[in-house]
Amino acid sequence: MNIRWAGKLGALVLGAALMVAPEVRADEPEDLNKEAPAAAAPAHEAKEPSAEAKAHDPVKKDGDEAAPATAKAGPEGEGDMSPAEEKAGETAAASHDPEKYAAFIRGILPKIKEKVLGKIEAKMEKAQEAKMERLSMVLGWVSMLGFLLLLMPIFLAKKYPGKLGVLFKTSAIAAFASVIVMNLFAAIVMLLKNVQGALAKFTNPQIKIVEAALDGIGDSADHLISFGPQLIQPTLDQLSSSEESVPVALLENVQKIAKDAQPFLAAAKWFKGMLWIFDYLPLVMTTMAIFLFLVGAKPMLVELIKLPGRAAAGENTEGVVKEAFRKVGRELLATLCLIVLLAVVTLLSGELLALAVRPAVENFLNTFFVDVIYVQTPDASSGLIFGSLAGTVVFLVLNVMVVLVSTGFFLGKAHKIFQQRFHDKVPLSAHKKFWGWGTLALLWAQVFPVVFVLGAEPLVEKLLEKGFGKDEPNWTLILLGGSGVFVLGFVLCFWAFRGLKGLAFLKKYDLVAAKAASVPPPPMPFGEPTPA
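A few points on the structure. None of the values given here were measured: they were computed from a predicted structure.

1. Re helix α15 (residues 432-468)
In this model α15 runs 53 Å from its N-terminal to its C-terminal C-alpha over 37 residues, within 8% of the 54 Å that 1.5 Å per residue would give. The sharpest bend along α15 measures roughly 40° and falls at F448, with the proline P449 sitting one to four residues further on.

2. Side note on the packing of aromatic side chains
A complete count under the given rule lists 23 aromatic pairs for this structure. Seen from their ring centres, F395 and F490 are 6.0 Å apart, and the 80° between their planes marks the pair as edge-to-face. Of the two residues, F395 is situated in helix α14 (residues 382-423) and F490 in helix α16 (residues 475-496); the sequence distance between them amounts to 95 residues. For F395, a relative accessible area of 0% corresponds to the buried category. The exposure class of F490 is buried, given its relative accessible area of 1%. Centre to centre, the rings of F410 and F434 are 5.2 Å apart; their planes meet at 20°, and the pair counts as stacked. Of this pair, F410 sits in helix α14 while F434 is found in helix α15, placing the two residues 24 residues apart along the sequence. Within the aromatic cluster, the residues linked to one another by ring pairs are F395, W444, F448, F452, F486, F490 and F494.

3. Notes on the side chain of Q446
For Q446, the position within the fold is in helix α15. At 3.5 Å, the side chain of Q446 and the backbone oxygen of V403 are in polar contact. Looking at Q446, its side chain comes within polar contact range of the side chain of S406, at 3.4 Å. Ignoring anything within four residues of it in the chain, the contact list for Q446 reads S349, L352, V403, S406 and T407.

What counts, and where the lines are drawn
- Every chain begins its residue count from 1, and numbering advances along the sequence as written.
- Given that this is a predicted model, residues contribute local features only at a pLDDT of at least 70 and side-chain atom pairs are listed and counted only at 80 or more, while totals for whole chains, interfaces and linings are drawn from all residues.
- Values shown for side chains rest on all heavy atoms present in the structure; no hydrogens or waters enter the calculation.
- Note on conventions: DSSP H or I runs of at least 4 residues are helices, E runs of at least 2 residues are strands, and numbering of each starts at the N terminus.
- Expected span of a helix: the number of residues minus one, times 1.5 Å.
- To obtain the bend at a residue, axes are fitted to the seven residues ending there and to the seven starting there, and the angle between these axes is taken.
- Any two rings among Phe, Tyr and Trp, with Trp reduced to its six-membered ring, count as a pair given centres within 6.5 Å; such a pair is stacked if its planes are under 30 degrees apart, edge-to-face if over 60, and tilted if neither.
- Only protein chains enter the accessibility calculation, which uses a 1.4 Å probe; a residue is then buried when its area is under 20% of its type maximum, exposed when over 50%, and partly exposed in between.
- Within 3.5 Å is the distance limit for a polar contact, defined as a pair of N or O atoms, with the added protein rule that one can donate a hydrogen and the other accept it, and that residues adjacent in sequence qualify only through two side-chain atoms.
- Note on contacts: a residue pair qualifies if any of its non-hydrogen atoms lie within 4.5 Å across the two residues.

Written out as structure tokens, the structure reads:
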């Protein structure tokens, strides 16, 4: 959050502190103003911290060490304070000094981040186990359908009279071969999905959002003194004991300090809906895996289903079962090649996703804290607040989706190219157009969010300077100007600089045409002239 307009935000926060303080601090625990150092010149005498102050202590958690003991304030300085009182006094002292408070916030952030990321990763692992269990069950039951081929003689007996023995024999061979082949094929699918699950944490949007949000709070901790005890600390405390997203927790906790928190709560609900899309993606990917399993196994199943009838008709079927197992082996080779490419692309995408998410989250934090100040003004507009926050969420989703969609399109086509290579002997060089332009399209789509922010920052800063330039801030320009530039500018620039065309190339790349072009033309009959 130290990039772009955090400096202007800090000036606004500190300049508006007197305006916000009477309303914001009305519900503040008394000890936060009474345990401060003498230099802070507190207006009230020291009192024992209230139960509310202890409940909102963001540092005292299970397993955390107690703060160093300090002397209890009193006429003679006698007596020891309890650990909770020491914490409250330490927090209060820091809350009156920007430098101390910034150090205090930055000191507790690493533990908060470790706990939150640990919960997200544990949730991911649990979801991955459940997903793999469901996928294994579905593929297993589908594979067992091969035993239905044992019923083939019933349907073919009339067509091939006198061949009942051949039909029973070949149907049994086809049934057991199909079950084994499909189980092997399912094992390959499971191998790929397990690798994808292991690499998922590198491209998980929620992890990137948490890291960027907590880093942004730490970077701007110096400017958050007027929000700290009422907003920042309760949010960090909540994150330690829940699985809530950082932006959602901040939005929901505004009701602690603002009279009209409805637009913030509406934005929080909407943000949860956006996160639900990311949670929904694994289900889509699992469904696609089952679909691709059926598509990949179809040619082998067709040949095995035809086996009894062909044998009864007197055709040579000796190589049918062997060819089915060969296809499984070739599919394994294609999958292993894809896994190598998957690892490289996922690690690269993870780094680029982090770079793309960080400025988007910082934009949200900047807008959010200005909205918190704006909601204290007499004529604050709920629609303006929600519009500004919604714009930041849309910008964040655009950044994430561009990275994830380009990665999915690229890897999907690459998988089919590897399948062509091992199943149909199509050389990888036949798809040099994809490896060239497709790779450039992938990299450009993933680098674009970072490049766009660097180019949009100067324009946003000028809009903010104009909004802050008058005696009365132009709140419409301040709140909607940045979000408008980031959202509309992102869409227009992504289209103008060929980002959409790159995604379309990855999605529509013609594998069949490239395969046909790689096949040499049949030789001309002897004596006929070659075409001009």
